[in-house]
Amino acid sequence: MIQLDSVSVEKNGSPILTDVSLCFGQGGITALIGPNGAGKSTLLHTIAGLTSPVRGQVMVEGLDMVRARPEQRARHVALLAQNESVTARLTVRDLVEFGRWPHHRGRPREIDRVKVAEALGTFDLDGLADRRLDALSGGQRQRAFVAMAWAQETSWLLLDEPLSALDPRHARDIMDRLHALTRPGAGQRSVVIVLHDLSVAARYADRIVALKDGRLVTSGPRVLAMTGAMLSDLFGTRLAVERVAGRDVVLPA
Amino acid sequence: MADRRLLILGLVLAAVSALFLLWNLRAPVGFILGLRLTKLAALCAVGTAIGTATVLFQTIAANRLLTPGIVGFDALFVFIQTMLVLGLGGLGYAALPSLAQFGVETLTLVAAAMALFGVLLRRGADDILRMILTGVILGVLLRGLAGLAQRLLDPSEFAIVQQASFATFGAVDRTQLAIAGPILILSFAAALRLARLLDLAALGRATALPLGLDFDRVVFVTLGLVALLVAVSTALVGPITFLGLLAASLAHAILPTWRHDRLLPGAALIGATILVSGQFVFERLLGLQSTLTVIVEFLGGLLFLLLVLRRPRP
């Protein structure tokens, strides 16, 4: 369970998040939506314990993320930040193996190699495992980074705009995989993802957390919380949620 | 593959060291061998220190074109020499106990570097570019101040500053070497202990932090080691700006790995090999003195230009 109690974050004296309280349980996909500058990335970093709030408490599975040591945090939450780029000449396998760092601290064991192989298989990267990252397409590279976060084997996976540089096919490919992996069953994980494409959120999210100007607008099950009125108010433009071919899509009203 | 190449690099260094020691060895053998051993130890220590420091610095700065010299170490060293000569006069400078001079130079360089790193990175290690640019500007300022102060010197004092401003292995002080050697060995060992953390740090702050790395701490410790390695080696023989770039670039080319437990010894061996082989060629074969650093700077400068021009555009 992720629980935020009256969390406020400031940067250089300016409020970024104000009095945000949230609580959601494990499983499924939670989409973080809101206009630019709403505080979505800051919220993810705060949940991951990488940004310290000036007030409030952040608990993940009972661990106080503000006070926890870096390696403790990394065994609870995996965070994939925006625009990941690596200058080192790594192969896909090297990168995914770094996802096991919180477990092996630089000395991989057999179990780590098994988990890396599993993550490569899960994200269909077996054939690319020995290719260098700089020889991959944007979509393949992003998949490799998601696999790295996945290999971290945390209950919670926080993804900050992982689809921003992807074409619709690659975006759908990643979301389909995440959707399947967050369904109930053995090894089920929980994903919190920042999304700008509201139709992707409408299609894949189980829960919605909406932020505006650093404040929580709404949070809850997607079918209840994601309404045309809420989205219109959130983004300051008229939007509607329509049912097209059996799926919800967000369209200009 | 990297292990085998490291072994070959070690054998090459052993071979050129043997040549340096034994080539044209004449009586009194013990005396000459002693002199050559001192010089060899200094060459190896400085080559190791500069090679190691450059790999560390490039990893933290996430840039393969940078050397620690770019943040003004060399300029500060020349500034200290100029101020000492200006303050004490030529005779006073010459009469300075070598150990005291070595201590003052080392401590000043380390203190200045740590002040620069500490002040500019106090809000987190995410502004390394600003730290480097400030170092570059400070370097320009110090060079300007040193140039201004040098105009106040008489020609003989100016010649002393000029001589001290270039690295020379001709007259290495054994006492200084006895102090610098263990410091450099311990710093190198500490760098090797950091190797696994540096592998992760090389992924960048945004990736390494969520993986549980105390990134800011690793950056501070690493920059502290860089400061110590560069300060001690500079105080020992003088500044060599581009040796590190040569050693680190060759290490990355010869050892195609991202693992720092291979790259650091590789750069150390290459740095030492460049200095020992260069000194052997110039001193033993060509009979020249104090030309080595000029050639190293020339080749390093050419490599720098080549690397800049070869860099793919984003």
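What counts, and at which threshold
Residues numbered from 1 in each chain as written. Chains lettered and ligands numbered in written order. Predicted model: local features only at pLDDT ≥ 70, side-chain atom pairs only at ≥ 80, totals over all residues. Heavy atoms only, no water. Helix = DSSP H or I, 4+ residues; strand = E, 2+ residues; numbered from the N terminus. Rg over C-alpha atoms; globule rule 2.2 N^0.38 Å. Buried < 20%, exposed > 50% of the residue type's maximum accessible area, 1.4 Å probe, protein only. Contact = heavy atoms within 4.5 Å. Areas by Shrake-Rupley, 256 points an atom, 1.4 Å probe, with all protein chains shown as cover. Lys, Arg positive; Asp, Glu negative; His and termini not counted. Charge placed at Lys NZ, Arg CZ, Asp CG, Glu CD. Buried area = accessible area lost by both parts, 1.4 Å probe. Nonpolar A, V, L, I, M, F, W, Y, C, P; charged D, E, K, R; others polar. Core = buried A, V, L, I, M, F, W, Y, C linked by side-chain atoms within 4.5 Å. Domains from an automatic or database assignment. Salt bridge = Lys/Arg side-chain N within 4 Å of Asp/Glu carboxyl O. Polar contact = N/O pair within 3.5 Å; in protein donor to acceptor, adjacent residues only side chain to side chain. Pairing = 2+ DSSP bridges. Phe/Tyr/Trp six-rings, centres within 6.5 Å; stacked < 30°, edge-to-face > 60°. Lys NZ or Arg CZ within 6 Å of the ring centre and 35° of its normal. Right-handed = clockwise from strand over helix to strand, strands pointing away.

**Observations regarding the overall build of chain B**
Okay, step 1: Helix and strand counts for chain B come out as 13 helices and zero strands.
Okay, step 2: Along the chain direction, N to C, the helices and strands of chain B fall in the order α-α-α-α-α-α-α-α-α-α-α-α-α.
Okay, step 3: For a compact globule of 314 residues, the expected C-alpha radius of gyration is about 20 Å, and chain B comes in at 19 Å, within 12% of that figure.
Okay, step 4: Summarising its shape, the C-alpha atoms of chain B cover approximately 60 × 45 × 35 Å along the three principal directions.
Okay, step 5: Evaluated residue by residue, chain B yields a buried proportion of 53% over its 314 residues.
Okay, step 6: Excluding contacts between residues fewer than 6 apart, the proportion of contacts in chain B whose partners are at least 24 apart in sequence is 78%.
Okay, step 7: As displayed, chain B offers around 14,100 Å² of accessible surface, 70% of which is attributable to carbon and sulfur atoms.
Okay, step 8: Averaging the coordinates of the 22 positive side-chain charges in chain B and doing the same for the 14 negative ones gives two points 8 Å apart.

**Regarding the interface of chain A and chain B**
The extent of an interface is frequently quoted as the accessible surface area lost upon association of the parts.
Okay, step 1: Each partner contributes to the interface: chain A provides 25 residues, whereas chain B provides 21 residues.
Okay, step 2: Taken together, both faces of the contact between chain A and chain B bury some 1,900 Å²; the carbon and sulfur share is 60%.
Okay, step 3: Looking only at chain A, the three residues that lose the most surface to chain B are A:Arg89, A:Phe98 and A:Trp101, adding up to 33% of its buried area.
Okay, step 4: Of all the elements in the fold, those that place two or more residues in the side of chain A that touches chain B are helix H2 (70-76), strand E6 (77-80), helix H3 (92-98) and helix H4 (101-104) of chain A.
Okay, step 5: Across the side of chain A that touches chain B, the residue classes tally to 13 nonpolar, six polar and six charged.

**Some remarks on the nonpolar core**
Okay, step 1: Counting residues in hydrophobic clusters, the biggest one holds 155 residues, and the most contacted among them are A:Ile33, A:Leu90, A:Val92, A:Leu178, A:Ile208, B:Phe169 and B:Leu275.
Okay, step 2: The element best represented in this core is helix H10 (residues 215-237) of chain B, accounting for 14 residues.
Okay, step 3: Looking at which domains feed residues into this core, each of domain 1 (1-76 + 154-226) and domain 2 (85-153) of chain A gives three or more.

**Overview of the side chain of A:Asp94**
Residues and elements named next belong to chain A.
Okay, step 1: Along the chain, Asp94 turns up in helix H3.
Okay, step 2: Arg93 is the oppositely charged side chain nearest to the buried, salt-bridge-free Asp94, at an N-O distance of 6.5 Å.
Okay, step 3: A distance of 3.0 Å separates a polar atom in the side chain of Asp94 from a polar atom in the side chain of Thr91.

**Thoughts on helix H10 (residues 228-235) of chain A**
Okay, step 1: Along H10(A), the positions that sit buried rather than exposed are A:Gly228, A:Met230, A:Leu231, A:Ser232 and A:Leu234.
Okay, step 2: One or two residues past the end of H10(A) sits A:Gly236, with phi positive at roughly 70°.

**Topic: unusual backbone geometry**
Residue and element names in this part refer to chain A.
Okay, step 1: The residue Glu61 is not glycine, and still its phi comes out positive at about 50°.
Okay, step 2: Residue classification places Glu61 among the partly exposed positions, given a relative accessible area of 33%.
Okay, step 3: The phi dihedral of Glu161 falls on the positive side, at around 50°, and the residue is not glycine.
Okay, step 4: By secondary structure assignment, the location of Glu161 is in the loop between strand E7 (156-160) and helix H7 (168-181).

**Description of the environment of A:Val250**
Residues and elements named next belong to chain A.
Okay, step 1: Checked against the element boundaries, Val250 lands in strand E12 (residues 247-252).
Okay, step 2: Judged by relative accessible area, which is 12%, Val250 ranks as buried.
Okay, step 3: Through-space distance from the C-alpha of Val250 to that of Lys115 is 38 Å; in sequence the pair is 135 residues apart.
Okay, step 4: Once residues within four sequence positions are removed from consideration, Val250 is found in contact with Leu198, Ser199, Ala202, Met226, Leu231, Leu239, Ala240 and Val241.

**Considering the sheet that holds strand E5 (residues 63-64) of chain A**
All names here are of chain A.
Okay, step 1: Strands sit in the order E2-E1-E4-E5 across an open sheet of four strands; the sheet is antiparallel. The open sheet has two edge strands, strand E2 (14-24) and E5, and neither has a second partner.
Okay, step 2: With seven bridges connecting them, strand E1 (residues 2-11) and E2 associate as antiparallel partners. The residue bridging Leu4 from the neighbouring strand is Leu22, located in E2.

**Some points on the domain arrangement of chain A**
Residues and elements named next belong to chain A.
Okay, step 1: What the domain assignment lists for chain A is domain 1 (1-76 + 154-226) and domain 2 (85-153).
Okay, step 2: Each of domain 1 and domain 2 has a C-alpha centre, and these two points are 23 Å apart.
Okay, step 3: The interface is formed by 16 residues belonging to domain 1 together with 15 residues belonging to domain 2.
Okay, step 4: Between domain 1 and domain 2 the total buried area reaches about 1,500 Å² when both faces are included, carbon and sulfur atoms providing 67% of it.

**Concerning the pattern of salt bridges**
Residues and elements named next belong to chain A.
Okay, step 1: Evaluation of the coordinates by the stated rule reveals 20 salt bridges over all chains.
Okay, step 2: The partner of Arg183 in a salt bridge is Asp206, with the nearest N and O atoms 2.8 Å apart. On the criterion of sequence distance, the pair formed by Arg183 in the loop between H7 and strand E8 (190-194) and Asp206 in the loop between helix H8 (198-204) and strand E9 (207-212) is long-range, its members being 23 residues apart.
Okay, step 3: What makes Arg183 partly exposed here is its relative accessible area of 26%.
Okay, step 4: A salt bridge links Asp248 to Arg243, with the shortest nitrogen-to-oxygen separation between them at 2.9 Å.
Okay, step 5: Residue Arg243 is classed as exposed on the basis of its relative accessible area, which comes to 58%.
Okay, step 6: Through salt bridges with shared partners, a single ionic network connects Arg100, Arg109, Asp112, Lys115 and Glu153.

**Observations concerning the packing of aromatic side chains**
Okay, step 1: Following the criterion strictly, the structure yields four aromatic pairs over all chains and no others.
Okay, step 2: Over the aromatic face of A:Trp150 sits the side chain of A:Arg189, whose NZ or CZ is 4.1 Å from the ring centroid.

**Here's the deal with the pairing of E8(A)**
All names here are of chain A.
Okay, step 1: Most of E8 sits inside the fold, with five of its five residues counted as buried.
Okay, step 2: What you see with E8 is no split at all: Ser190, Val192 and Val194 on one side and Val191 and Ile193 on the other are buried throughout.
Okay, step 3: Pairing between strand E3 (residues 28-33) and E8: five bridges, direction parallel. What sits directly across from Ala31, in E8, is Ile193.
Okay, step 4: Examined bridge by bridge, E7 and E8 share five bridges and lie parallel to one another. Following the sheet pairing, Trp156 is matched in E8 by Ser190.
Okay, step 5: In this view, the connection linking E7 to its parallel neighbour E8 by way of H7 has right-handed handedness.

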